[in-house]
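Close look at the chain arrangement
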Amino acid sequence: MHYYSLNKKAPNSSFKNAVIKGLAPDKGLYFPESITPLPQSFWDNFDNLSYSEIAFEAIKQFVSSEIPEDILKTIVEETLSFDFPVVKLNDNISTLELFHGPTMAFKDVGARFMARCLGYFNQNNDREVTVLVATSGDTGGAVANGFLGVKGVNVVILYPSGKVSDIQEKQLTTLGKNIKALEVNGTFDDCQAMVKTAFLDEELTSKMQLTSANSINVARWLPQLFYFMFAYKQLHKQHDDIVFSVPSGNFGNICAGMMAQKLGLPIKHFVASNNMNNVVTRYLISQLYEPKPSIQTISNAMDVGAPSNFIRIQEIYKNQFEVLKENISSYSFTDEETKDAMLEIYNNYNYVADPHGAVGYLGCKSYLNDNPNAHCVFLETAHPTKFLDVVEDVVKQEQPLPRQIQSVMGKEKVSTIISDYENLKNFLLQ
């Protein structure tokens, strides 16, 4: 499998090179040269396959021969060492819980898969790789945990000061070892802009090997297609028209779901559920794509004003707006609407949702207004206790802390405050 740059001005790349480099030399995101639907025999036997077997068959064409099949199977099994349950709320709405991994966020899947791939590629390399990543919340913790102690890999995480939850901050600032946290005076967009600038700084890249673990990296992005398949396996015997409502920030998650659909997974439709950072919601109305500075909300992992992965979504649909619009709807919601939804879910179903899941729930309700026969699954992307202040204020009920959260609460935060790109560059060079 080869990958090409979506800017179309760089040579094609192997999977290994795409993982190690992150971005193409022309600043473009890498995209697979082909997407081959899985054979009918796979779908005929689908219900008899384990999650690891499903994931291996789904991902192997994108890795090709660059990782031997036995090693790739081990990577997949180690990545998927936790559960992905679907919880039914009513006849039309379920939630897919993606918070049962080590950092209690959906990004554990991609981070663990990428860490193991990069560890394999770097095992005989004397040159260290620096993973440089911007986070709006959960990416940082998942990447820190996934790469902790990986030989030959250093991790530098940029996060916006005061704009992630206390628990999210603890998860990325307390691990030590090969993990460093940079606290940025600014927004997530500022963090992401600094990371992209670093990749294009030849003075920097001539002295060190940089890669990204944001969803711009193919090894972080593609494995997210797994759990759409897992949810479908749990639901398809009871429901015909399955729709996924995905709380969307950088749009890597919903884009991975669309890749699962291209592999043959019979998903009827996608809903991109936005908070007030709603550039895609507005685009689907106006056909004008206008990124804007991000707005701080209670669903902070979605506070993205310029979603990187939307260009991949446009590529999947060959930049045909009408075809794209047939496959995706989008709605945006305020913080007050999000809180009301959290309370509604708790009162009606005795289920505690985090703010991101609540936005996904609202997306389900909006879609079902016009499509009452569908079954809509919203992604519960992070455990509610990662947003303890908001959740407890809404449901008026103290929430017990899972062991994954308890393990970081007493640890000391260690971070370096920076304000601009020069601060980042100096930190990396030192």
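Here's a quick rundown of the structure. The structure displayed is predicted, hence computed values, not measured ones.

Thresholds applied
Residues numbered from 1 in each chain as written. Predicted model: local features only at pLDDT ≥ 70, side-chain atom pairs only at ≥ 80, totals over all residues. Heavy atoms only, no water. Helix = DSSP H or I, 4+ residues; strand = E, 2+ residues; numbered from the N terminus. Rg over C-alpha atoms; globule rule 2.2 N^0.38 Å. Buried < 20%, exposed > 50% of the residue type's maximum accessible area, 1.4 Å probe, protein only. Contact = heavy atoms within 4.5 Å. Areas by Shrake-Rupley, 256 points an atom, 1.4 Å probe, with all protein chains shown as cover. Lys, Arg positive; Asp, Glu negative; His and termini not counted. Charge placed at Lys NZ, Arg CZ, Asp CG, Glu CD. 1 Å grid on protein atoms, 1.4 Å probe; cavity = no way out; pocket = protein on both sides within 12 Å on 5 of 7 lines; lining within 4 Å. Points joined across faces, edges and corners; volume = space filled by probe spheres on them. Nonpolar A, V, L, I, M, F, W, Y, C, P; charged D, E, K, R; others polar. Pairing = 2+ DSSP bridges. Axes fitted to C-alpha atoms, helices over the stretch in contact; angles between N-to-C directions. Polar contact = N/O pair within 3.5 Å; in protein donor to acceptor, adjacent residues only side chain to side chain. Right-handed = clockwise from strand over helix to strand, strands pointing away. Core = buried A, V, L, I, M, F, W, Y, C linked by side-chain atoms within 4.5 Å. Phe/Tyr/Trp six-rings, centres within 6.5 Å; stacked < 30°, edge-to-face > 60°. Lys NZ or Arg CZ within 6 Å of the ring centre and 35° of its normal. Salt bridge = Lys/Arg side-chain N within 4 Å of Asp/Glu carboxyl O. Disulfide = S-S within 2.5 Å.

**Re the overall build of the protein chain**
The number of helices and strands found in the protein chain is 20 helices and 14 strands. Here the C-alpha radius of gyration of the protein chain, 20 Å, is about what a compact globule of 430 residues would show, namely 22 Å. Residues counted as buried form 61% of the 430 residues belonging to the protein chain. In the protein chain, 76% of the contacts between residues at least 6 apart in sequence involve partners at least 24 apart. Looking at the protein chain as shown, the accessible area adds up to about 16600 Å², and 46% of this sits on carbon and sulfur atoms. A gap of 5 Å separates the mean positions of the 37 positive and 48 negative side-chain charges of the protein chain.

**As for empty space enclosed by the protein**
Gaps between atoms show up when a probe of the same size as a water molecule is rolled over them. Enumeration over the complete set of coordinates arrives at 2 cavities of 30 Å³ or more. Breaking the lining of the largest cavity down by element, the ones donating at least two residues are α6 (138–147), β10 (242–247) and α12 (252–262). By volume, the second largest cavity is sized at about 50 Å³. Looking at the second largest cavity, the residues that line it are Ala134, Gln192, Val195, Lys196, Ser212, Asn214 and Ile216. Considering only residue class, the lining of the second largest cavity consists of 3 nonpolar, 3 polar and 1 charged.

**A short note on the sheet that holds strand β9 (residues 209–211)**
Read from one edge to the other, the open sheet built from 5 strands follows the order β9-β6-β7-β8-β14, with strand pairing classed as parallel. Single-partner strands in this sheet number two, and they are β9 and β14 (416–418). With strand direction ignored, the average angle separating the axes of adjacent strands in the sheet is 30°. Across 6 bridges, strand β6 (residues 129–134) lies against strand β7 (residues 153–160) in parallel orientation. The partner of Val133 across the bridge, within β7, is Ile157.

**Structural notes on the side chain of Ser13**
When you line up the elements, Ser13 lands in strand β2 (residues 13–14). When its relative accessible area of 3% is taken as the criterion, Ser13 is described as buried. A distance of 3.2 Å separates the side chain of Ser13 from the backbone nitrogen of Ala18, its partner in a polar contact. Discounting residues that sit within four places of it in the chain, Ser13 has contacts with Met1, His2, Tyr3, Ala18 and Tyr30.

**So, the layout of surface pockets**
One number sums up the size of the largest pocket: a volume of about 340 Å³. At the level of elements, α8 (188–199) and α14 (310–316) are the ones that each hand at least two residues to the lining of the largest pocket. When residues in the lining of the largest pocket are grouped by element, the largest group, 4 residues, is from α8.

**So, the sheet that holds strand β12 (residues 328–332)**
Strand order in the open sheet made by the 6 strands is β4-β5-β13-β10-β11-β12, with mixed pairing throughout. Pairing within the sheet leaves two strands with one partner each, and these edge strands are β4 (86–88) and β12. Between one strand axis and the next, the sheet turns through 25° on average, direction left out of account. The pairing of strand β11 (residues 269–274) with β12 spans 5 bridges and is classified as parallel. In the strand pairing of β12, Ser273 is matched with Tyr331. With respect to the sheet, helix α11 (residues 226–235) is in contact with β4, β5 (93–97), β10, β11 and β13 (375–380), its orientation differing from that of β10 by roughly 140°.

**Considerations on the pairing of β6**
Among the 6 residues in β6, 6 count as buried, and that is most of the element. The alternating pattern of β6 places Val129, Val131 and Val133 and Thr130, Leu132 and Ala134 on opposite faces, both of which are buried. One crossover worth recording links β6 to the parallel β7 by way of α6, and it is right-handed. Inspection of the sheet shows β6 paired to β9 by 3 bridges, in the parallel sense. Residue Thr130 lies in a different strand from β9, and its bridge partner there is Leu210.

**Some remarks on the nonpolar core**
Within the largest apolar cluster, 124 residues are counted, with the highest numbers of intra-cluster contacts made by Phe15, Leu158 and Leu225. Discounting residues that sit within four places of it in the chain, Phe15 has contacts with Met1, Tyr3, Phe62, Val63, Glu66, Ile67, Phe113, Cys117, Phe121, Val218 and Ala219. If you look at the next biggest cluster of nonpolar residues, it comprises 35 residues, including Val243, Met342, Phe378 and Val394.

**Comments concerning the packing of aromatic side chains**
By the definition in use, this model includes 24 aromatic pairs. Note on Phe46 and Tyr232: the rings are 6.1 Å apart at their centroids and 55° apart in plane angle, and the pair reads as tilted. Linking Phe46 in the loop between α2 (40–44) and α3 (51–63) with Tyr232 in helix α11, this pair joins segments that are 186 residues apart in sequence. Each member of the pair Phe46 and Tyr232 is classed as buried. Each member of the aromatic cluster is reached from another via a ring pair, and the members are Tyr51, Phe82, Phe84, Tyr227, Phe228, Phe230, Phe244 and Phe270. Taking NZ or CZ as reference, Arg312 lies 4.2 Å from the ring centre of Trp221, over its face.

**Notes on the pattern of salt bridges**
Applying the stated criterion to the full structure yields 12 salt bridges. The salt bridge involving Lys425 is made with Asp201; its shortest N-O contact spans 3.0 Å. Taken together, the residues Lys425 in helix α20 (residues 421–429) and Asp201 in the loop between α8 and α9 (202–205) connect sequence positions 224 residues apart. Here Lys425 falls in the buried class, since its relative accessible area comes to 9%.

**Considering the state of the cysteines**
Scanning the model with the defined rule gives 0 disulfides in all. Cys255 takes part in no disulfide bond, and the closest cysteine sulfur, belonging to Cys117, lies 18 Å away.

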